[in-house]
Amino acid sequence: MNATADAARIAALDIRYGQVGLLQLKLRSTDPGAILDELTGKVATVPQFFRQTPICLDLAELAGEPDVAEMRGVIEAIRRCGMLVVGFAEGPASAALAKAMSLPVIAGFRPQNAAPRTVAAGVPTLAPAPAPAPPPQPLPALIHAQPVRSGQRIYARDRDLIVTASVGAAAEVMADGCVHIYGALRGRAMAGVRGDAGARVFTREFHAELVGVAGVFKVFEQLPADLAGQPVQAQLDGEELRFARLG
Amino acid sequence: MTEIIVVTSGKGGVGKTTTSASLSCGLARKGKKVAVIDFDIGLRNLDLIMGCERRVVFDFVNVIQGDCTLKQALIKDKRLETLYVLAASQTRDKDALTTEGVRKVLDELIADGFDYILCDSPAGIEKGAHLAMYFADRAVVVVNPEVSSVRDSDRILGLLASKTERAEKGNGGVKEHLLLTRYSPRRVAAGEMLSVADVKEILGLDVIGVIPESTDVLTASNAGTPVILNEDSDVSEAYTDAVERLLGTELPLRFVDEQKKGFFARMFGG
């Protein structure tokens, strides 16, 4: 009874999404002899690495569209070297061929993911053409949780600055991006220090001595009554620095 | 002819900044063109005492490092036409001051026709204090009537006699004056405090002013008004006398003896 009850609870399968590393083989020729020659030489250098290794075929650099018979020859040559072709890399020529050969088209190969794997294996010729530099990833904001005391300076280079405490009189907080202050701002705050005119300064309690965005500054000798102690944001409007109550 | 006056003491908390603010106001009130410079890099206070802390955009270090011109950094006083403040930097450390940088700023002020440049020294005997006194023609040594302050002032007087440009070049040295602050005639009479005569004897210097202990000083500091501008106050009168003596007028010392309570004061508890 127990055995059947337990068995009933176990599903026949689980479907999970997961990422796996996969070697890509970029074909420049469909001649099985040439492929066999070149691959045999490479495999001989690191045989363990290539044994039963799944391969994704990239056809993007082939001159013409190969037919099914040609492709069977290629796949056989690769198999004889110990590797297994598991699919085609997404490309213009791949879809019909993949269907005819009952192989999947594997989409979404990001060059920066594939490159290190092949390079690490010591087979640079197998690697795809040098990947274009990945687009610059924005840095996460610099978070400062302590009060910024008089005389202290905090600078967040290439990113936003978030201060979760107060900024004291004659203290300075600066960022290339926006400056967010969740406490009181009694000192100086500068956003867009290296010229980003879209950067802003935010504070929950405005008592600032000086606020600047992208090199445009305003000194507060007297605090405007409608801003003093209020949640305020500062932004550039053309050449002018504007202050407005938040919320 | 510009005179550079350093206000110094060695010991902290004796009233250097209060004195710098009041003397510079007093001199400006006499029509002199005056600049007062805060040398206390990293712990600036003069701007608060002068009530211009919200107008500090550029400071002394910015001028030295060429981030701005001297004109941009000088803060014009709102009460007195001929008075200018040069604030210290709060965000740098004292190493930002250099002898050549200070010399350049002072030379520019001299060229600009200032009559007096007051250098408000930081406490201690390190770089800031050294540079504040280095180019001085005269020194006002602020001293409290108690032994540790007197000893520190003695040390400072030793430095004034050796570690200044005038001393090094043998140009007759720096002219030194003593200014007693927080003086309480009642406590002197009770033997709890050194007297003017005691301090004068220990330090061997003339006294340019005796400032009585008073709650007016704290009130004025918090209000951002130099106490000399506070009418009807003994402290204000005492500083006004000190300014006159700086300018060469001979005046008898006031506020050094315990006030004898008059008949009415005694009757009504004064």
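Residues numbered from 1 in each chain as written. Chains lettered and ligands numbered in written order. Predicted model: local features only at pLDDT ≥ 70, side-chain atom pairs only at ≥ 80, totals over all residues. Heavy atoms only, no water.

Enquirer: Give a detailed account of helix 4 (residues 68-80) of chain A, specifying residues and quantitative values.
Expert: All names here are of chain A. The first and last C-alpha atoms of helix 4 sit 18 Å apart over 13 residues, in line with the 18 Å expected at 1.5 Å per residue. Within helix 4, burial applies to Met71, Val74, Ile75, Ala77 and Ile78. With its buried residues spanning 155° around the axis, helix 4 presents them on a single face. Seen from the buried face of helix 4, the exposed residues on the opposite side, beyond 90 degrees, are Ala69 and Arg80. Two residues or fewer past helix 4, Gly82 is found with a positive phi of approximately 100°. (Helix = DSSP H or I, 4+ residues; strand = E, 2+ residues; numbered from the N terminus. Expected span 1.5 Å × (residues − 1). Buried < 20%, exposed > 50% of the residue type's maximum accessible area, 1.4 Å probe, protein only. Arc of directions from axis to C-beta.)

Enquirer: Before we move on, can you summarise the sheet that holds strand 12 (residues 210-213) of chain A with the specific residues and values?
Expert: Residues and elements named next belong to chain A. Across the sheet, 5 strands lie side by side as 6-8-10-12-13; this open sheet has mixed pairing. Edge strands, defined here as strands with exactly one partner in the open sheet, are strand 6 (153-156) and strand 13 (216-219). Direction aside, the axes of adjacent strands within the sheet are offset by 5° on average. Examined bridge by bridge, strand 12 and strand 13 share 4 bridges and lie antiparallel to one another. Note that in strand 13 the partner of Val213 across the bridge is Val216. (Pairing = 2+ DSSP bridges. Axes fitted to C-alpha atoms, helices over the stretch in contact; angles between N-to-C directions.)

Enquirer: Lay out the pairing of strand 5 (residues 116-120) of chain B in plain terms, naming residues and giving numbers.
Expert: Residues and elements named next belong to chain B. Burial within strand 5 is extensive, with 5 of its 5 residues counted as buried. The side-chain alternation of strand 5 yields two buried faces, one formed by Tyr116, Leu118 and Asp120 and the other by Ile117 and Cys119. Examined bridge by bridge, strand 1 (residues 3-8) and strand 5 share 5 bridges and lie parallel to one another. Residue Ile5 lies in a different strand from strand 5, and its bridge partner there is Leu118. Summarising the sheet, strand 2 (residues 34-38) and strand 5 pair through 5 bridges and their orientation is parallel. In the strand pairing of strand 5, Asp38 is matched with Asp120.

Enquirer: Residue-level account of the interface of chain B and chain A, with values.
Expert: Counting residues at the interface gives 10 residues for chain B, matched by 15 residues for chain A. Interface of chain B and chain A: buried area, both sides summed, is about 1000 Å²; carbon and sulfur atoms make up 44% of it. Residue B:Lys78 is joined to A:Glu221 by a salt bridge in which the shortest nitrogen-to-oxygen separation is 2.3 Å. (Contact = heavy atoms within 4.5 Å. Buried area = accessible area lost by both parts, 1.4 Å probe. Salt bridge = Lys/Arg side-chain N within 4 Å of Asp/Glu carboxyl O.)

Enquirer: How would you sum up the sheet that holds strand 4 (residues 105-106) of chain A? Please name residues and give values.
Expert: Residues and elements named next belong to chain A. One open sheet holds the 4 strands; their spatial order is 1-2-3-4, and the pairing between them is parallel. Two strands in the sheet have a free side with no partner beyond their single neighbour: strand 1 (23-26) and strand 4. Across 4 bridges, strand 2 (residues 54-58) lies against strand 3 (residues 84-89) in parallel orientation. Of the residues in strand 3, the one forming a bridge with Leu57 is Phe88. Relative to strand 3, helix 4 is tilted by about 135°, and along the sheet it contacts strand 1, strand 2 and strand 3.

Enquirer: How would you summarise unusual backbone geometry if you had to cite specific residues and measurements?
Expert: In this model, A:Ala170 sits at a positive phi of 60°, which is unusual for a non-glycine residue. Here A:Ala170 lies in the loop between strand 7 (161-163) and strand 8 (172-175). Of note, the phi angle at B:Asp232 is positive, near 60°, even though the residue is not glycine. Relative to the helices and strands, B:Asp232 resides in the loop between helix 11 (215-223) and helix 12 (234-246).

Enquirer: Go over helix 10 (residues 196-203) of chain B with me, naming the residues and quoting the values.
Expert: All names here are of chain B. Burial in helix 10 covers these residues: Val196, Val199 and Leu203. With its buried residues spanning 70° around the axis, helix 10 presents them on a single face. Exposed positions of helix 10 whose direction lies more than 90 degrees from the buried face are Ala197, Glu201 and Ile202. Here the buried face of helix 10 lies against strand 6 (138-143), helix 7 (147-160), strand 7 (175-183) and strand 8 (207-212). Phi for Gly204, located one or two positions after helix 10, is positive at around 65°.

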